[in-house]
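A look at the structure
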Amino acid sequence: MVAVLAIETSCDETSVAVVENYQVHSNLVASQIDLHRQYGGVVPEVASRQHVETLNPLIADALAQSGLGWDQIDGIAVTCAPGLVGALLVGLTAAKTLALVHNKPLVGVHHLEGHLYAAYLSEPELKPPFLYLLVSGGHTSLIAVRDHGLYELLGQTRDDAAGEAFDKVARLLGLEYPGGPAIDRVAHEGNPQAFALPEGKVSLGDGSRNFHPYDTSFSGLKTAMLRLVQQFEREGKPLPVADLAASFQETVARVLTKRTLACALDHDLSTIIAGGGVAANSRLRSQLTQAAAERGVKVIFPPLKFCTDNAAMIGCAGVMHLAQGHVSPLTLGVQSRLALTQVMSLYS
Ligand code: KG4
Ligand code: ZN
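Remember, predicted model here, so these are calculated numbers, not experimental data.

A few words now on empty space enclosed by the protein. Counted by the stated rule, this structure contains one cavity of 30 Å³ or more. When its volume is computed, the largest cavity comes out at roughly 50 Å³. Contributing to the lining of the largest cavity are L133, T140, S141, L142, G155, Q156, Y214, T216, L256, R259 and T260. Mapped onto the lining of the largest cavity, the elements with two or more residues apiece are β7 (140-147), β8 (150-156) and α8 (241-266). By residue class, the composition of the lining of the largest cavity is four nonpolar, six polar and one charged.

Let us now look at the pairing of strand β2 (residues 13-20). The element β2 is extensively covered by neighbouring structure, given that eight of its eight residues are classed as buried. Of the two faces of β2, the one carrying E13, S15, A17 and V19 and the one carrying T14, V16, V18 and E20 are both buried. Sheet topology note: the strand β1 (residues 3-8)/β2 ladder contains six bridges and is antiparallel. Its bridge partner being in β2, E8 is matched across the sheet by S15. Here β1 hands over to β2 after four residues, the two strands then running antiparallel side by side.

The next thing to look at is a nonpolar patch on the surface. On the surface, L100, V101 and L330 cluster together into a nonpolar patch covering about 310 Å² of accessible area. Locating L330 in the fold gives a position in the segment after α10 (311-323).

Attention now moves to the sheet that holds strand β5 (residues 106-110). Here we have five strands laid out as an open sheet, ordered β3-β2-β1-β4-β5, and mixed in their pairing. Of all strands in the sheet, those with a lone pairing partner are β3 (23-31) and β5, marking the two edges. Here the strands of the sheet are splayed against their neighbours by 20 degrees on average, with no regard to which way each runs. Sitting on the sheet, helix α2 (residues 44-66) is in contact with β1, β2 and β3, with an inclination near 25 degrees to β2.

Time to look at the coordination of the zinc ion (ligand 2). Protein coordination at the zinc ion (ligand 2) comes from H111 (NE2), H115 (NE2) and D309 (OD), with a distance range of 2.0 to 2.1 Å. Along the chain, the residues donating to the zinc ion (ligand 2) fall in the pattern H-x3-H-x193-D. Of the two residues, H111 is situated in helix α4 (residues 111-117) and D309 in the loop between β10 (298-300) and α10; the sequence distance between them amounts to 198 residues.

Quick notes on the rules
Residues numbered from 1 in each chain as written. Chains lettered and ligands numbered in written order. Predicted model: local features only at pLDDT ≥ 70, side-chain atom pairs only at ≥ 80, totals over all residues. Heavy atoms only, no water. 1 Å grid on protein atoms, 1.4 Å probe; cavity = no way out; pocket = protein on both sides within 12 Å on 5 of 7 lines; lining within 4 Å. Points joined across faces, edges and corners; volume = space filled by probe spheres on them. Helix = DSSP H or I, 4+ residues; strand = E, 2+ residues; numbered from the N terminus. Nonpolar A, V, L, I, M, F, W, Y, C, P; charged D, E, K, R; others polar. Buried < 20%, exposed > 50% of the residue type's maximum accessible area, 1.4 Å probe, protein only. Pairing = 2+ DSSP bridges. Patch = residues over 30% accessible without salt bridge, like charges linked within 9 Å, V, L, I, M, F, W, Y side chains within 5 Å. Areas by Shrake-Rupley, 256 points an atom, 1.4 Å probe, with all protein chains shown as cover. Salt bridge = Lys/Arg side-chain N within 4 Å of Asp/Glu carboxyl O. Axes fitted to C-alpha atoms, helices over the stretch in contact; angles between N-to-C directions. Contact = heavy atoms within 4.5 Å. Donors = N, O, S within 2.8 Å, 3.2 Å for Na, K, Ca; no water.

Written out as structure tokens, the structure is:
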């Protein structure tokens, strides 16, 4: 049995969890969404200051709620990349201090590996290989997971990440930040076939007329949404927000479903794990699950509340690394960007 105390401060959620193997003993999330909403997005400096204020009491509460004592904790897991540098620093500094004071190993965790291991909260027996569909605020990628810690990038977005597209389109439609959940909510009232929207194919760039089978591009879709909104405004008509949101969401879900399934089948990967905030999207969950089932492919979405940022998923990735003897040096730093394929550079 491996138990870790895990800390996540990479963006706008301060979160601390205690995870034993892939079982959550406690998971506290202090969301800063209300604080950032007035600016329409995350303000890095505000995020860092809020993490400083929130983190210490959260650590004490998470440990108390877990029912475990320090003597039962085997290591400190902490997100150290990628993310907002100032925000990451708050979590990493706290984690290093705890590691030193309590004489526990430090396990730096790649945030996007955390989103992947959120699936272990519902499926603790999962064994690689599988295909990881990563759809978050900053990333949209298809990654082959050959083994624990061994990744191969197979497809990615050429411009906006899926979550970013949701957030920008929501703002266009006058919906609140963060845009993904807002679009998901109003789309239930709309007609997903109301507007035909472009799927955003990416040419292979080899002089042929062929398209990249797994890469995505959301900029054309975003522009199409802008043109529609402008047209309604020009004509002085009220925006059919629900129909626009439903059509947009349907298109994103369809594109992601097609690309992901093609990638899984082409690479003989019979299990797909979705992760990241957009994995909470109701249409993506239903479309991909159904399409994959028809082709005999298994799809795992993490439990809804573990799709967006939380420390329990960081704890799961930490448990996996610690179980394999991967420990980070106390000189570990934070990195705003780090490819998932480089994850083993976090361990000495
Ligand atoms: O993974 P995450 O919590 O943070 C990052 O690591 O980026 O993802 C946040 C993103 C935001 O863009 C948010 O709008 C989107 O996930 N999101 C959703 C939904 N819930 C969150 N997008 C679509 N549908 C949702 N239900
Ligand atoms: Zn995230």
